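Chain and residue survey
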Amino acid sequence: MSENTGNQGRVAVITGASSGIGAATARALAADGYRVALLARRADRIDALAAEIGGGAIAIPADVTDRDALVAAAARVREELGGADVLVNNAGVMLLGPFSSDRRDDYRAMVEVNLLGAITTTEVFLDQLKDGGGDLINISSVAGRTARASNGVYAATKWGVNGWSESLRQELLPDVRVTLIEPGVVDTDLPSHITDEATRAAVQKGYDVATVQPEEIAEVVAFVLARPRHLAINEILLRPADQLG
Ligand code: NDP
C-alpha cells in the first residue's frame, strides 16, 4: 500500500466492488484511509465486504445500467459520507465470442455496462468529484489498445472508454484528475460469464494460469491516487510479463 496519509476522510466510490479488481481496490483504498462506497448488483457480497472493511464503508446495491439507482447511490454517498472525492469506474463484463447475431444480447450488455455504465456513473457523480478536487479512475484494458478476433465489441467498449477518458481529462483539469488503467490478464472471475462455450473454455485456460492478482492492480490505483495534486498519472498499461498482446 502507499505511504500516503493525506487521505484520511477522503471518500472513494468503487463500482463492481463485489469481486475481483473492484473488491481488491476497495480494500486497498480503505487501508490507505479512504471511506469507501461499494457499488455492485450482488448485495450479499458488498454487504459482507463493507462489514469486513468497517471504518464507515457502505454497500449500495446498484446496477450501473440503471441511472435512477445511480442517482439514489449518489444521494446516499452525499448524505452518509459527505460526497465522493474518487470514483473508480470498474464494473465490467467481457462476453467474448465470434461476431454473429447470436451474440447480440452480449454486445448490448457490454456497451451498456462497460461504456454507458461508466459514462452514466461519472455524469451522476461529477458534481461531487468537482467539489474540492477529485479523481476519476477508469478501468479499461489492454483491449482498449489492441483488438483480436472474437473480442471486437469488448475492445470497442474499452477503446471507447479510452477516447472518452482523454476528452474528459482535458475538460476537467486541473480540478479532477483522470486516470486510465489498462490491465492485461488478471486472475478474476471475468471470463466465467462468457456465454459462448468454446470461447469460454479457451479463454478460461489463460485465466487458469493467470499470475497477476487483482491486489496488484489495486496497488497501482492506490499509488496513482497517492501522488500529490500537482502530478496526474494519466494512463497505465500493465500486463503479465509474459503476455504478448
Ligand atoms: P469480475 O467479474 O470479478 O468483476 C466485475 C465486476 O463488475 C463485479 O463486481 C460485478 O458485480 C460488476 N458488474 C458487472 N455488471 C454490472 C452492472 N450491470 N452493474 C454494476 N456492476 C456490475 O472481473 P474483474 O475484476 O476482472 O473486472 C473488473 C474490471 O476490470 C472490468 O471492467 C474488466 O473489463 C476490467 N479488466 C479485467 C481484466 C482481467 O483480466 N480480469 C483485464 C482488463 C480489464 P455484480 O455482478 O455484483 O454486479
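In case you missed it, the structure is sitting above this.
1. Points about empty space enclosed by the protein
Evaluated as defined, the whole model comprises one cavity of 30 Å³ or more. By volume, the largest cavity amounts to about 90 Å³. If you list the elements that add at least two residues to the lining of the largest cavity, you get helix H4 (104–130), strand E5 (134–139) and helix H5 (152–172).

2. Quick word on the site of the ligand
Near the ligand, the surroundings consist of 30 residues, among which Ser 18, Arg 41, Tyr 154, Thr 188 and Tyr 207 are the closest. The side chain of Asp 63 places a nitrogen or oxygen atom 2.9 Å from a nitrogen atom of the ligand. Compared with its free state, where it exposes 870 Å², the ligand has 97% of that area covered by protein. Of the pockets mapped on this structure, the ligand occupies the largest pocket. For the shell around the ligand, the elements supplying multiple residues, two or more each, are helix H1 (20–31) and H5. The residue makeup of the shell around the ligand, split by class, is 15 nonpolar, ten polar and five charged.

3. Concerning the pattern of salt bridges
Counting across every chain of the model gives 14 salt bridges. We note a salt bridge from Arg 10 to Asp 135, for which the minimum N-O separation is 3.4 Å. Linking Arg 10 in the segment before strand E1 (11–15) with Asp 135 in strand E5, this pair joins segments that are 125 residues apart in sequence. Side by side, Arg 10 and Asp 135 carry an identical accessibility label, which is buried. Its salt-bridge partner being Arg 78, residue Asp 131 comes within 3.8 Å of it at the nearest N-O pair. On the criterion of sequence distance, the pair formed by Asp 131 in the loop between H4 and E5 and Arg 78 in helix H3 (residues 67–81) is long-range, its members being 53 residues apart. Residue classification places Arg 78 among the partly exposed residues on the basis of a relative accessible area of 34%. Put simply, Arg 10, Asp 135, Arg 177 and Arg 229 are held in one network by salt bridges that share partners.

The rules behind the values
- Residues numbered from 1 in each chain as written.
- Predicted model: local features only at pLDDT ≥ 70, side-chain atom pairs only at ≥ 80, totals over all residues.
- Heavy atoms only, no water.
- 1 Å grid on protein atoms, 1.4 Å probe; cavity = no way out; pocket = protein on both sides within 12 Å on 5 of 7 lines; lining within 4 Å.
- Points joined across faces, edges and corners; volume = space filled by probe spheres on them.
- Helix = DSSP H or I, 4+ residues; strand = E, 2+ residues; numbered from the N terminus.
- Near = heavy atom within 4 Å.
- Polar contact = N/O pair within 3.5 Å; in protein donor to acceptor, adjacent residues only side chain to side chain.
- Areas by Shrake-Rupley, 256 points an atom, 1.4 Å probe, with all protein chains shown as cover.
- Sits in = over half its atoms within 2 Å of the grid points.
- Nonpolar A, V, L, I, M, F, W, Y, C, P; charged D, E, K, R; others polar.
- Salt bridge = Lys/Arg side-chain N within 4 Å of Asp/Glu carboxyl O.
- Buried < 20%, exposed > 50% of the residue type's maximum accessible area, 1.4 Å probe, protein only.

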